[in-house]
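Results of the structural survey
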Amino acid sequence: MSVQPEQATEALMLLAEATRLLYEDQPLQQRVHRVFELLRGPVSFRDARLTCWLQSAQPGTARQQYYSARGWPYPWDEALTRRVALNGVFESRTIVLSNEAAGDGDLPVMQAAYLGTPIFWGGRLWGVIELRAPTGTNLVNLGREMLTGLLPQLAIAIAREGRREPVPAGLVPVSETPTGLTLEPQRRQQLSELDTNLEQMLDLHELLSLLLRRTIEATGADAGAIVLVDHQRRQLILQLAEGYPTSLQQGLTNQGRQRFNWEAGSAGQAAHTGQVVLVRDHTTQTGLQPTWAGARTELAAPVLLGDRPAAIILLHSTRANAFGEDELSFMRALCRRVANPLNRAIHYQEALESANYLGQVFASLPTGLALIDASGKVLRANPAWSEIWGFRGALTRSPFHVSFDLVELLLPRLQDPMRLTEFFTRCQRNPAELQTTRVRLVNPNQNLQILSVPTSDSQHRITGRLWAVTDVTREGEADRLKHEFVSMVSHELRTPLTSILGYTELLLNREFTAPDRMQFMQTVFDEASRLSQLVEDLLSISRIEAGKVQLNRWLTSLHSIVAELTTQLNTQLARHRMLLDVAHNLPPVYIDRDKVKQIIFNLLTNAIKYSPNGGQIVLAIKETDEADLPLDHPPGRWIRIAISDKGLGIAPEDLPRIWERFYRVDNTNTRRIGGTGLGLSITRALVELHGGRIWAESELGTGSTFTFTLPIPGVNVGFRQRLADSV
């Protein structure tokens, strides 16, 4: 039966693909295996075998044999293979496959078609290729045509394989049996099934888990491990371990990827030499210390990528001479088959970990990042992007375009909407240029710095922009504090220093009457005291922020503190009336007497200072219950102290900020009164050190009330003491 023209065309296409596969840079066994799978459909054979001699063309010398997957369990006829090689011509016949030769009485005796041909080229025998198929198939005609065109390419592939440098002799003697020579049909079937599974895997851990499990099952090892080889650091990295004692197994797995020096042990020897290392019995064979103390037999098989070991499969057995020639042949064949899948999985794992690392960096950065395409559509954004803009979560619209949706969402908060719109326009008109702007938002107040840089693909074509949005409100606040500090210090220093210098110069250069001299000296003393108080305030706030303020707490009566303060303030109350509303049955408080005296003094002097037209100042002290306290106040027994005045008052928008350092309400009256802006900040810190709370209520033009609490000894004293001690 001749081959039809359409079959000939198909055969030529198959031969071209088979030639391409044979010329790939893979181990010969994998290339032959793929060629067999390519030809199986059109040629309709059941199984195939390639026998080749890599170092010699004479049958009987060391040979390699490669088999197709999913073959018959019947063994091949070695005598028939030899006859084909010696005769040098195609051999086609019907053969009998017997269950007796297979060693399995359940297999039926059957007939099969056989086709075998030697691979001759350049007057030299390179190998024999054989096919078997069910009777009645077109094996002879189509198979002969295909093999005739494929023989020269097979000869070239075998010759290239034979020119590879021979493996150097190992320190531990192992068998020289070529790969595949002693593999039984069951072994070949195991390798074929494993090869199919490995080709489908990308996950490195999954691939290594399957490889280790199947290796232990096939070799009968008691335990095994797989390590990767780090040539740069000269280390072995443990990936998996199975079958070891529980304590050792937990130690290995709990510590993650352990690293070991590769200078010792059979695994290190295999990593150095790139060859299989076998220790048949550690009790009689010296030179290599056992990796596992309970092992007698140890085998380390390297998986080579090119000429460098990429991984070591390490097997252990508690039996001496547990691994024979069959296990060695299986391990060699396995390591060759797993090379490409392992290489692919390692590169995939590296790419996955790199992407995961970049994703974590992208997601965890406090800077808001958004990748935007050329039309302004947000392709990807990190969580900080939504948080900085105040969207509270993911983008509210999909798709989201910054040029339309962002301005619309922020419009109620934008102080200058046109500034952001003009920024969009600049980005679109100059897609290759870096752009930057600053946006101010209100309710709450925010200052945002926006940086927009162009993005490009691998061909350097502009694809869009990357926006980086940073909240610089705190930086702006720091600048404001610095400016206010410089302004305050310059004003508060210049005014008293001017008075001191002026009056002292007068006293030095002119004679005055005794009353005038006394008045001048009193002015100099008052201004010097003002300077001293400024320095003390600065030192106090510095110590508080550094956590260096320690409370010297004792049980103290507030009545004595009030008496001392009223006497001290008598000279400042010329235009004011002080009303004392102090309960007679006040329990003692657990406080630092000097610090509490400073708190009340600061609040009273503020009340006097900010009610320049005089009026009534009330100091009220009583024990209170939780109903009269703010919601966030700690539970317990407390003394409530309130200082009220009928002075200037504080505007509602300024009230939340009066506790900030250097903050002073900006109006004509406060500028005339002066002050450092530190008193209330210090007062609040001292109250909170005692465990209490302070708050203010005020109405502009009517007056203010400042209230704070102090603890009463009892169930809450221990808690407050621990709090103070921790500070």
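Everything numeric in this text was worked out from a predicted model, so none of it was measured. (Residues numbered from 1 in each chain as written. Predicted model: local features only at pLDDT ≥ 70, side-chain atom pairs only at ≥ 80, totals over all residues. Heavy atoms only, no water.)

1. Focus: the overall build of the protein chain
A tally of helices and strands in the protein chain yields 20 helices and 23 strands. Expressed as a percentage of its 727 residues, the buried residues of the protein chain come to 46%. Look at the contacts in the protein chain between residues 6 or more apart in sequence, and 63% of them connect residues 24 or more apart. Looking at the protein chain as shown, the accessible area adds up to about 37600 Å², and 53% of this sits on carbon and sulfur atoms. (Helix = DSSP H or I, 4+ residues; strand = E, 2+ residues; numbered from the N terminus. Buried < 20%, exposed > 50% of the residue type's maximum accessible area, 1.4 Å probe, protein only. Contact = heavy atoms within 4.5 Å. Areas by Shrake-Rupley, 256 points an atom, 1.4 Å probe, with all protein chains shown as cover.)

2. Examining the packing of helix α2 (residues 28-43) against helix α10 (residues 325-364)
Where α2 meets α10, the axes come as close as 9 Å, and the angle between the chain directions of the two elements is 75 degrees. As summarised for this structure, α2 and α10 are arranged roughly perpendicular, according to the angle between their axes. Contacts between α2 and α10 involve Leu 28, Gln 29, Gln 30 and His 33 on the former and, on the latter, Ala 333, Arg 336, Arg 337, Val 338, Ala 339 and Asn 340. Each residue belonging to the contact of α2 with α10 can be placed in one class, and the counts come to four nonpolar, four polar and two charged. (Axes fitted to C-alpha atoms, helices over the stretch in contact; angles between N-to-C directions. Parallel < 35°, antiparallel > 145°, perpendicular 65-115°, else oblique. Nonpolar A, V, L, I, M, F, W, Y, C, P; charged D, E, K, R; others polar.)

3. Section: the nonpolar core
In terms of nonpolar packing, the biggest core is built from 43 residues, with Leu 558, Ile 600, Ile 621, Ile 641, Ile 643 and Phe 708 touching the most fellow members. Top contributing element to this core by residue count: helix α17 (residues 593-609), with seven residues. Core analysis: the next-biggest nonpolar cluster, separate from the first, contains 38 residues, Leu 198, Leu 208, Leu 334 and Ile 346 among them. (Core = buried A, V, L, I, M, F, W, Y, C linked by side-chain atoms within 4.5 Å.)

4. Observations concerning the environment of Gln 616
Inspection of the secondary structure assignment puts Gln 616 in strand β20 (residues 615-624). Accessibility expressed as a relative area gives 29% for Gln 616, which makes it partly exposed. As a C-alpha pair, Gln 616 and Asp 645 span 29 residues in sequence and 6.2 Å in three-dimensional space.

5. Side note on the pattern of salt bridges
As enumerated under the stated definition, the model contains 18 salt bridges in all. Two residues, Arg 461 and Asp 457, come together in a salt bridge whose shortest N-O distance is 3.0 Å. Judged by its relative accessible area of 52%, Arg 461 is exposed. Exposure remark for Asp 457: the relative accessible area of 27% places this residue in the partly exposed category. One salt-bridge network, in which partners are shared between bridges, spans Glu 17, Arg 20, Glu 24 and Arg 34. (Salt bridge = Lys/Arg side-chain N within 4 Å of Asp/Glu carboxyl O.)

6. Digging into the sheet that holds strand β7 (residues 235-242)
An order of β8-β7-β6-β11-β10-β9 is seen for the six strands of this open sheet, with the pairing classed as antiparallel. The open sheet has two free edges, formed respectively by β8 (259-261) and β9 (277-279), since each of these has just one partner strand. This sheet shows a mean twist of 25 degrees between the axes of neighbouring strands, independent of strand direction. Judged from the seven bridges that link them, strand β6 (residues 223-230) and β7 form a sheet pairing that is antiparallel. Of the residues in β7, the one forming a bridge with Ile 226 is Leu 240. Against the sheet, helix α9 (residues 265-273) contacts β6, β7, β9, β10 (297-305) and β11 (308-317), and its axis sits at roughly 150 degrees relative to β11. (Pairing = 2+ DSSP bridges.)

7. Some points on the UniProt feature "domain: PAS" (unreviewed entry) in the protein chain
Those places that UniProt annotates as "domain: PAS" (unreviewed entry) correspond, in this numbering, to residues 354-391. Its end C-alpha atoms 30 Å apart, residues 354-391 is made of 47% helix and 26% strand. (UniProt positions renumbered as here; feature names shortened; annotations may be inferred.)

8. A look at the confidence of the model for the protein chain
For the protein chain, the mean per-residue pLDDT works out to 80, and 84% of the residues sit at or above 70. Low pLDDT (under 50) marks residues 56-61, which in the prediction has 13 contacts with non-local residues, meaning those over four places away or in another chain. Low confidence marks residues 715-727, where pLDDT is under 50. Its contacts with residues over four positions away, or in another chain, come to 24 contacts. (pLDDT = per-residue confidence, 0-100.)

9. Overview of the pairing of strand β22 (residues 694-699)
In this sheet, strand β23 (residues 703-711) lies alongside β22 in antiparallel orientation, the contact comprising six bridges. Its bridge partner being in β23, Glu 697 is matched across the sheet by Thr 705. Hairpin connection of β22 to β23: three residues between the antiparallel strands, including Gly 701 at a positive phi of 85 degrees.

10. Brief notes about the sheet that holds strand β2 (residues 64-67)
A sheet is described by the order of its strands in space; here five strands give the open sequence β2-β1-β5-β4-β3, paired in antiparallel fashion. Edge strands, defined here as strands with exactly one partner in the open sheet, are β2 and β3 (91-97). The sheet shows a mean angle of 20 degrees between the axes of neighbouring strands, direction not considered. With four bridges joining them, strand β1 (residues 47-52) and β2 adopt antiparallel strand pairing. Note that in β2 the partner of Arg 49 across the bridge is Tyr 67. Set on the sheet, α2 makes contact with β1, β2 and β5 (124-134); between it and β2 the angle comes to about 40 degrees. Lying on the sheet, helix α5 (residues 139-162) is in contact with β1, β3, β4 (110-121) and β5; it crosses β4 at an angle near 40 degrees.

11. Description of unusual backbone geometry
Omega for the bond connecting Asn 443 with Pro 444 falls within 30 degrees of zero, at 0 degrees, which places this linkage in the cis form. Within the secondary structure, Pro 444 sits in the loop between β14 (435-441) and β15 (446-456). Of note, the phi angle at Ser 44 is positive, near 65 degrees, even though the residue is not glycine. Structurally, the position occupied by Ser 44 is in the loop between α2 and β1. The phi dihedral of His 460 falls on the positive side, at around 65 degrees, and the residue is not glycine.

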